[in-house]
Amino acid sequence: MRSANLEYFKLAVEAGSLTRAAGLHGVRVSTFTRAIDKLEDEFGVTLLERNHAGVRLTAAGDLLFRRIVTLLDDLDEVKALCQMLGTGRRGVVRIGTLLPPVGVQFRLALSVWKSKHPDIRVIFYEMGTRDLRSALFRRRVDVIFSTPFAKSGAIESLPFCSENLMVALSSEHSLHQYPSITRGQLRNETFLVQDWGSDHSVRNHYMEILGKDVKIETHPAGKQSVFALVSAGYGVTLAVQSQAERGFPGVIFRPLRESDAHLPIRLGWDAGRQDAVTGRFVAFIRDFVRQR
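- In the nomenclature of an unreviewed UniProt entry, the protein chain corresponds to LysR family transcriptional regulator from the organism Gluconacetobacter sacchari.
- According to its UniProt record, the protein chain has this under Sequence similarities (unreviewed entry): "Belongs to the LysR transcriptional regulatory family."

Rendered as C-alpha cells:
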C-alpha cells in the first residue's frame, strides 16, 4: 500500500469531490480515481460513493478516513525523524576511551558538542587500548580516544590532545619532598597499573616510558582503586595531569621530569564505516582541534 494513495483519498474526502480536489492540488482527476480504485481493490470494499454531486464516504470509508489522519501524521513524523538521523542531527554516538573524559580539552569539547547537537546522546565506554580497537571493529563503539595506533588502513585517526604525566605517591612516601621526579629516582619502585584480562596496553606503555626492567604489578581495576592502593603504600603509579588535578585522599602528585613524559591522545574511527552521526562527530572534533 502506497502512502500517496492514502493521501489522495484523504484530499478527495476533504474536498468533497474528485474534480474539486484535482483543481485545488493541481493533479489530474484520473490520478485521484486510480489511487482510490487501488485502495478499494486492496481492502476489498467500496470506500467512496461517487456521483456528479461529489463523493460520500461508505461505512468502510469512514472507518479508514478517521484512522488515516493520525496515520499520515505519524508517517510524516517518522519521515522527519529519518531525515534527521540520515543527516546526523539526532541519534547516539558511542565513545570508547582509555582515560576518563575529565581533562580540560575533553570537558570543553563535550560542552561545545552538547550545545551544538542537543539531540545526539553521548555514551562512554572505558577500556584498554586493545579492547578499544576490538570494540570499534565489532561496532560496540563508534569512535575511540586512545594512544597512537599502530599503522593500519582500517583505522583513521587525528590528534586530539596531549596530557602531561605525573607520578602518584603515597603522602608518606620519601619522594614527596621533591617538586618533580626523574626516571632514575623511581628505579626501585613498584608500579601499580590497570590491566584488563589479556590487554596489556597500559603496562606496555609504562615500560616504554620507564624502561623494560621496571617492576610492575597489575590490577584488573579502575584508576580509583589503583590510587587507593598507592595511598596505602603498596606502590606508585603514573597519572595524567587531569587525574592529578582531581586529587585523591592520601596521594600526592609530582611531575615526571622526562622529555617523553606525556600521553598523546588521538581520536580514531573505522575507515570503512559510513554513519552520519559518527561522521558529524569526527568532523566536529577535527574543527574543534583546529580552532584551539
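Resuming the write-up.
## Observations regarding helix 2 (residues 18-25)
Step number 1: Taken together, the buried positions of helix 2 are occupied by Leu-18, Ala-21 and Ala-22. One side of helix 2 holds all its buried residues, which, seen down the axis, span an arc of 100 degrees. Within helix 2, the exposed residues directed more than 90 degrees away from the buried face are Thr-19, Gly-23 and Leu-24.
Step number 2: On its buried face, helix 2 is in contact with helix 1 (3-15), helix 3 (29-43), strand 1 (48-51) and strand 2 (54-57).
Step number 3: The N-terminus of helix 2 is capped by Ser-17, whose side-chain oxygen sits 3.2 Å from the backbone nitrogen of Thr-19.
Step number 4: Just downstream of helix 2, Gly-26 is the residue with a positive phi angle, here 65 degrees.

## Side note on the layout of surface pockets
Where empty space is left becomes clear once a probe the size of a water molecule has been rolled over the atoms.
Step number 1: Within this model, the second largest pocket holds a volume of roughly 160 Å³.
Step number 2: Within the residue set of the lining of the second largest pocket, elements represented by two or more residues are helix 8 (223-231) and helix 9 (241-246).
Step number 3: Residues of the lining of the second largest pocket, tallied by class, amount to 3 nonpolar, 3 polar and 2 charged.

## Focus on the pattern of salt bridges
Step number 1: Applying the stated criterion to the full structure yields 8 salt bridges.
Step number 2: A salt bridge links Arg-50 to Glu-40, with the shortest nitrogen-to-oxygen separation between them at 3.1 Å. Placement of the pair is Arg-50 in strand 1 and Glu-40 in helix 3, with a sequence separation of 10 residues.
Step number 3: According to the relative accessible area criterion, Arg-50 is partly exposed, its value standing at 35%.
Step number 4: Residues joined in a network through salt bridges with shared partners are Asp-37, Glu-40 and Arg-50.

About the thresholds
Residues numbered from 1 in each chain as written. Predicted model: local features only at pLDDT ≥ 70, side-chain atom pairs only at ≥ 80, totals over all residues. Heavy atoms only, no water. UniProt positions renumbered as here; feature names shortened; annotations may be inferred. Buried < 20%, exposed > 50% of the residue type's maximum accessible area, 1.4 Å probe, protein only. Helix = DSSP H or I, 4+ residues; strand = E, 2+ residues; numbered from the N terminus. Arc of directions from axis to C-beta. Contact = heavy atoms within 4.5 Å. Polar contact = N/O pair within 3.5 Å; in protein donor to acceptor, adjacent residues only side chain to side chain. 1 Å grid on protein atoms, 1.4 Å probe; cavity = no way out; pocket = protein on both sides within 12 Å on 5 of 7 lines; lining within 4 Å. Points joined across faces, edges and corners; volume = space filled by probe spheres on them. Nonpolar A, V, L, I, M, F, W, Y, C, P; charged D, E, K, R; others polar. Salt bridge = Lys/Arg side-chain N within 4 Å of Asp/Glu carboxyl O.

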